[in-house]
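Remarks on the overall topology
Spelled out from the first residue to the last, the chains are:
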Amino acid sequence: MAQITAAMVKELREMTGAGMMECKKALTEAEGDMDAAVDVLRTRGLAAAAKKAGRATNEGRVNALVDGNSGVVCQVNCETDFVALTDKFQGYVDTFTKAVLANKPADVEVLLASTYEGSTVQEQLTEAIHVIGENMQIANFKVLVMESTGALVPYIHMNGKIGVLVSFTFNNDATASDERFLAMGKDVAMQIAAMNPVSVDADSVPAEIRQHEMDIYVAQAAESGKPEAIQQKIAEGRMHKFFKESCLVEQDFVKNGDFSVQQYIDSVAKELGDEIKVTDFARIALGD
């Protein structure tokens with residue numbers, strides 16, 4: 001009997017859009033014959049989406065959902081904007097988002113193999129392709145989990161083109177349901193949607209991004225021909241500008257440029273008699 005390799009399973013999956021386990025079973029039944037395995041999947045109705053599987057999925061929707069201390073932003077793609085705007089497609093997006101929230105998988109491949117409401121997510125996706133009549137893909141997702149007192153605020157921008165989830169911590173449980181906090185949380189989420197910050201603050205900028213930017217600024221400063229001490233100050237000044245433009249809490253607040261996002265958060269916290277801090281965020285935009 002022919003050995004069924006991971007590469008063969010991957011190839012069949014790419015050809016048919018069926019799940020990994022289904023592909024492995026089909027190859028085993030077909031004794032490694034790829035064409036016969038495709039027929040096995042077609043017979044079982046698992047490869048009916050094969051012709052659609054190669055189509056580009058440049059449209060879709062991004063969804064955001066919170067349940068208790070966990071939240072998720074999930075992007076599901078389809079072929080046309082017409083389908084993306086239908087209630088039926090949105091229903092599938094909601095289902096897949098809930099599956100991510102329930103299983104908290106490491107990546108899309110793990111998600112597809114996971115079970116939700118009695119069947120694998122891959123099986124549900126295949127059925128959705130049948131019903132919708134277009135290729136669909138669960139393209140991306142990000143999960144945030146609160147580990148202290150606080151709240152997760154979801155936000156959907158541009159009719160599902162951008163999804164944001166923001167994690168806030170505070171001291172008073174009552175803050176989570178206060179209208180002033182909820183309004184502020186939405187404003188911060190809108191800021192993230194519009195300005196696409198790199199990180200929450202300067203300290204949380206990934207080391208590789210920080211180094212990359214600094215290398216550029218040092219090289220730019222060297223071109224000035226000024227003394228090294230001056231060059232260093234020039235580079236540091238440009239790095240400071242990068243932090244102000246790219247770090248959420250240091251950015252100018254888009255709804256009122258007279259103060260920063262941090263100053264806006266602090267003003268609301270003072271009204272509530274609490275301390276409020278942004279600890280993390282997730283942003284997914286269609287087409288990223």
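Keep in mind that this is a model prediction, so the values were computed, not measured.

Attention shifts here to the pattern of salt bridges. Counting across every chain of the model gives 6 salt bridges. Of the charged contacts, one joins Lys 255 and Asp 187 as a salt bridge, the two residues approaching to 3.0 Å between their closest N and O atoms. Taken together, the positions of Lys 255 in the loop between helix H11 (228-246) and helix H12 (261-272) and Asp 187 in helix H9 (residues 179-195) put the pair 68 residues apart, joining distant regions of the chain. The residue Asp 252 makes a salt bridge to Lys 244 at a minimum N-O spacing of 3.0 Å. In this structure, a network of salt bridges that share partners links the residues Glu 59, Asp 81 and Lys 161.

Let us now look at the packing of aromatic side chains. Counted by the stated rule, this structure contains 7 aromatic pairs. Summarising the aromatic geometry, the rings of Phe 242 and Phe 243 are spaced 6.0 Å apart at their centres and angled 55 degrees between planes, so their arrangement reads as tilted. Residue classification places Phe 242 among the buried residues on the basis of a relative accessible area of 9%. For Phe 243, a relative accessible area of 12% translates into the label buried. By way of ring pairs, the aromatic residues Phe 168, Phe 170 and Phe 181 are connected into one cluster.

The next thing to look at is the sheet that holds strand E5 (residues 137-145). The sheet built from 3 strands is open, its strands ordered E1-E2-E5 with antiparallel pairing. The strands lining the two open edges of the sheet, one partner per strand, are strand E1 (59-67) and E5. Pairwise comparison of adjacent strand axes, ignoring direction, gives a mean angle of 10 degrees for this sheet. For strand E2 (residues 70-78) and E5, the ladder comprises 8 bridges, and the chain directions are antiparallel. In the sheet register, Val 73 faces E5, and the bridge partner there is Lys 142. On the sheet, helix H6 (residues 87-103) packs against E1, E2 and E5 and is oriented at approximately 45 degrees with respect to E1.

All right, on to unusual backbone geometry then. The backbone of Met 158 sits at a positive phi, close to 55 degrees, despite the residue not being glycine. Looking at where Met 158 falls in the secondary structure, it is placed in the loop between strand E6 (150-157) and strand E7 (162-169). Positive phi outside glycine occurs at Asn 159, with the angle close to 55 degrees.

Criteria and thresholds
- Residue positions within a chain follow its written sequence, with the count starting from 1.
- Local features in this predicted model are restricted to residues of pLDDT 70 or higher, and side-chain atom pairs are both shown and tallied only at a pLDDT of 80 or more, whereas totals for entire chains, interfaces and linings draw on every residue.
- Heavy atoms from the whole structure form the basis of all side-chain values; hydrogens and water molecules are not counted.
- The salt bridge definition used is simple: a Lys or Arg side-chain nitrogen within 4 Å of an Asp or Glu carboxyl oxygen.
- Working definition: helices are DSSP H or I runs of at least four residues, strands are E runs of at least two. Numbering for both runs from the N terminus.
- For Phe, Tyr and Trp, where Trp contributes only its six-membered ring, two rings pair if their centres lie within 6.5 Å, and the inter-plane angle classes them as stacked under 30 degrees, edge-to-face over 60, or tilted in between.
- Only protein chains enter the area calculation, which uses a 1.4 Å probe; residues under 20% of their type maximum are buried, those over 50% are exposed, and those in between are partly exposed.
- Paired strands, in this sense, are two strands between which DSSP finds at least two bridges.
- Helix axes are fitted to C-alpha atoms over the stretch in contact, other axes to C-alpha atoms as well, and angles between N-to-C directions run from 0 to 180 degrees.
- For this analysis, residues touch if any pair of their heavy atoms sits within 4.5 Å.

So yeah, pure geometry; function would need other evidence.
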